[in-house]
Structures are given as C-alpha cells and as structure tokens.
Amino acid sequence: MSEDTSAAPDPKNLVLRLSDGTIVKRRLRRQRACDEPLKKKICLGHLKRWYRFGSEVVEHFGSNPEIYRCERCQILFVPNKDEVARTRTLAF
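Just so it is clear, the structure is predicted and the values come from calculations on it, not from any experiment.

**Some details on the packing of aromatic side chains**
Point 1. Tallied over the entire structure, the rule returns one aromatic pair.
Point 2. The positively charged end of Arg-27 is found above the aromatic ring belonging to Tyr-68, 4.4 Å away from the centroid.
Point 3. The aromatic ring of Tyr-68 is capped on one face by Arg-49, whose charged end is 5.9 Å from the ring centroid.

Below, the structure is given as structure tokens:
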C-alpha cells in the first residue's frame, strides 16, 4: 500500500482549484504563513504578493487582483473579506 502524501485543503478556506491543479484558498485573518498540511507537517512558507498570474486567475478574480502565493508549495491565496485591502499606499 502506498501512503497518500497530498492532503486535501481545508474545505472552508478553499475557493477553487484551477485547471492546472493549483489550489486557491482564502487567507485567514492576519495570516502571513501557509497553513497547508504537507507530508505530516504544515508548510509554513511565507505568503508573498504575486503579480505573475495567468489568464485563468484574471478570469476568476478580475484584471488586477490582490493575490498571494506560498513561496514553498505555490498555493494561491486571496485576501480575507474582513481585512482592508493592502493595495493602497502606506501612510505613517
């Protein structure tokens, strides 16, 4: 018997799965690291703002979406609905 190493993403945070198999999840409030379970551990890769998305992401989320990608497992994250978008200029 072979052990399944790919765990299913949390269904309450899953937004969609792209045609190439890429998972798109909704970020938790104030989330900065990936929470995807990989091989009996949590990924914990940093979520970085991502600008090099393809046409399928544009089709689902608009022409200039706020998308984050895990630097380790490449899962895409969309912002939490409860947080203010981070696309504005920072003001101190």
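**Topic: the confidence of the model for the protein**
Point 1. The share of residues in the protein with pLDDT of 70 or more is 79%, and the mean pLDDT across the chain is 84.
Point 2. Within the model, pLDDT remains below 50 along residues 1–5, and this stretch shows two contacts once partners closer than five positions in the same chain are excluded.

**Description of the sheet that holds strand β2 (residues 23–26)**
Point 1. The five strands lie next to each other as β1-β2-β7-β6-β5, forming an open sheet whose pairing is mixed. The open sheet has two edge strands, β1 (14–17) and β5 (47–50), and neither has a second partner. Mean inter-strand twist for the sheet, computed between neighbouring axes without regard to direction, equals 30°.
Point 2. The pairing of β2 with strand β7 (residues 76–78) spans three bridges and is classified as parallel. Bridging across to β7, Lys-25 finds its partner in Phe-77.

**Let's talk about unusual backbone geometry**
Point 1. At Lys-40, a residue that is not glycine, the phi angle is positive and equals roughly 65°.
Point 2. Relative to the assigned elements, Lys-40 resides in the loop between β3 (37–38) and β4 (41–42).
Point 3. The class for Lys-40 is exposed, based on a relative accessible area of 76%.
Point 4. The phi torsion at Gln-74 lies on the positive side, around 60°, for a residue other than glycine.

Cut-offs applied
Residues numbered from 1 in each chain as written. Predicted model: local features only at pLDDT ≥ 70, side-chain atom pairs only at ≥ 80, totals over all residues. Heavy atoms only, no water. Phe/Tyr/Trp six-rings, centres within 6.5 Å; stacked < 30°, edge-to-face > 60°. Lys NZ or Arg CZ within 6 Å of the ring centre and 35° of its normal. pLDDT = per-residue confidence, 0-100. Contact = heavy atoms within 4.5 Å. Pairing = 2+ DSSP bridges. Helix = DSSP H or I, 4+ residues; strand = E, 2+ residues; numbered from the N terminus. Axes fitted to C-alpha atoms, helices over the stretch in contact; angles between N-to-C directions. Buried < 20%, exposed > 50% of the residue type's maximum accessible area, 1.4 Å probe, protein only.

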